[in-house]
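Architecture at a glance
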Amino acid sequence: MLLPRLAPPLAGALPRVLRGICTAAPPPPPKPLSPSELSTISALLPRLLSAGHVSAAGRLLSAALLLPGSLERLPLPALAAHLASLPTLSAAFALLTALRHHPSRPSPLPLASPLLDSLLSQRRARDAASVLRWLCRPDSPRRPDAETYAAAVAGLCRLEDPRAALAALREMAADGLQASPELREAVRDAMMQDARIEEAWALEEAMRLPETGKVVELVDKLLS
């Protein structure tokens, strides 16, 4: 006897609830960060990192990137320069990992590319190579673009680390990107300085081909 008494009121209430859900106004879109808020966040991130509060810095960056336009407006190159000034890359990889797990999947290149440039300018070839490897991971939200690859390969050649330069060139070719004449020359000269003259000429010839599969094949042999 209880169900028949409840059924009529529920039957009348359900359509009203559904109408309310369907006609409710959507929440207003989030507003971009104001200039003062951008300045505050930009000043706070390096202070948190220097004080060892890396997880808090990651949460702050992640929260800021939920708002529209933040990726383009935040001074990420300055943040990258600060990260490169720290003795280890633990803070840098913590922030990059926060980007990897971010719900909007933002590109890490605005932070990773200037970080790579700063490390190369400081002659930290091993650290620069590790940043590039992170970008090429299967779970990376964005692989390097042509400019980032070129900077990495040329910089590693300049720092006389031909093996790391070849590894970067291999990833670049695997993405179907061709090396410029200047980059081909840099790779060739680095290999010649490593006393690998025949391999240098063979690789330069492969880099001239329109298809990049030959470069991948040849570099795999050289690295093995």
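If you're wondering where the values come from, they're calculated on a predicted model, not measured in any experiment.

Conventions we followed
- All residue numbers refer to position in the chain's written sequence, counted from 1.
- Reporting in this predicted model follows two pLDDT cut-offs: at least 70 for local features of residues, and 80 or more for side-chain atom pairs to be given and counted; totals over whole chains, interfaces and linings ignore these cut-offs and use all residues.
- The side-chain values count all of the structure's non-hydrogen atoms but skip hydrogen atoms and water molecules.
- Runs of H or I in DSSP of at least four residues are treated as helices and runs of E of at least two as strands, each being numbered from the N terminus.
- In what follows, a contact means two residues having at least one pair of non-hydrogen atoms within 4.5 Å.
- Computed with a 1.4 Å probe, the accessible areas rest on the Shrake-Rupley method; for each residue, only the protein chains presented here act as cover.
- UniProt positions are given in the numbering used here, feature names are shortened, and annotations may be inferred rather than shown by experiment.
- Each residue is placed in one exposure class: buried if its accessible area under a 1.4 Å probe, protein chains only, is under 20% of its type's maximum, exposed if it is over 50%, and partly exposed if it falls in between.
- We define the nonpolar core as a collection of buried residues of types Ala, Val, Leu, Ile, Met, Phe, Trp, Tyr and Cys that are connected through side-chain atoms lying within 4.5 Å of one another.
- For every residue, the pLDDT score states the predictor's confidence, bounded by 0 at the bottom and 100 at the top.
- We count a salt bridge whenever a side-chain nitrogen from Lys or Arg sits within 4 Å of a carboxyl oxygen from Asp or Glu.

Some details on the overall build of the protein chain
- In terms of regular secondary structure, the protein chain is built from 13 helices and 0 strands.
- In sequence order, the protein chain lays out its α and β elements as α-α-α-α-α-α-α-α-α-α-α-α-α.
- Within the protein chain, residue pairs in contact and separated by at least 24 positions form 64% of the contacts whose partners lie at least 6 positions apart.
- Just so you have it, the protein chain exposes about 12500 Å², and 61% of that area is on carbon and sulfur atoms.

A word on the UniProt feature "repeat: PPR" (unreviewed entry) in the protein chain
- Per the UniProt entry, the sites bearing "repeat: PPR" (unreviewed entry) are residues 145–179 in this numbering.
- Helix makes up 74% of residues 145–179 and strand 0%, whereas the separation of the span's terminal C-alpha atoms amounts to 12 Å.

Digging into the environment of Gln193
- For Gln193, the position within the fold is in helix α11 (residues 181–193).
- According to the relative accessible area criterion, Gln193 is exposed, its value standing at 60%.
- The sequence separation of Gln193 and Glu160 amounts to 33 residues, and the corresponding C-alpha distance is 8.3 Å.

Examining the nonpolar core
- Judged by nonpolar contacts, the single largest core of 65 residues is most densely connected at Leu83, Leu169, Val187 and Leu203.
- Aside from chain neighbours lying at most four places away, what touches Leu203 is Leu166, Leu169, Val187, Met191, Val215, Leu218, Val219 and Leu222.

Here we look at the environment of Val131
- Within the secondary structure, Val131 is located in helix α8 (residues 125–135).
- Considering only alpha carbons, one finds Val131 and Leu115, 16 residues apart in sequence, at a separation of 8.1 Å.
- The contacts of Val131, once residues within four sequence positions are left out, are Leu89, Phe93, Ala112, Leu115, Leu116 and Leu119.

Details of the environment of Leu48
- Tracing the backbone through its elements, the reader meets Leu48 in helix α2 (residues 35–50).
- In this structure, the C-alpha to C-alpha distance between Leu48 and Gly58, residues 10 residues apart in sequence, is 9.5 Å.
- Excluding residues within four positions of it along the chain, Leu48 makes contact with His53, Val54, Ala56, Ala57 and Leu60.

A closer look at the side chain of Thr148
- With respect to the helices and strands, the residue Thr148 is situated in helix α9 (residues 146–158).
- When residues no more than four places from it in sequence are discounted, the contact partners of Thr148 are Leu109, Ser113, Leu116 and Leu135.

Things to note about the confidence of the model for the protein chain
- When pLDDT is averaged across the protein chain, the result is 88; 87% of the residues are at 70 or more.
- Contacts from residues 1–7, a stretch scored under 50 in pLDDT, to residues over four places away or in other chains number 0 contacts.

Topic: α8
- Counting buried residues along α8, 8 of its 11 residues qualify, which places the element largely inside the surrounding structure.
- Buried residues of α8: Ala125, Ala128, Ala129, Ser130, Val131, Leu132, Trp134 and Leu135, and no others.
- Against the buried residues of α8 lie α6 (90–100), α7 (109–121), α9 and α10 (162–174).

Section: the pattern of salt bridges
- In total, this model carries 10 salt bridges according to the counting rule given.
- A salt bridge links Asp175 to Arg143; its shortest N-O distance comes to 2.9 Å. Residue Asp175 is found in the loop between α10 and α11, and its partner Arg143 is found in the loop between α8 and α9; the two are separated by 32 residues along the sequence.
- The class of Arg143 is partly exposed, set by a relative accessible area of 27%.
- Note that Arg188 and Glu204 form a salt bridge whose closest N and O atoms lie 3.4 Å from each other. Pair noted here: Arg188 is in helix α11 and Glu204 is in helix α12 (residues 197–207), with a separation of 16 residues, a long-range link. Judged on exposure class, the residue Arg188 and its partner Glu204 are both buried.
- Here the salt bridges share partners, and the residues they tie into one network are Arg188, Asp189, Glu204 and Arg208.

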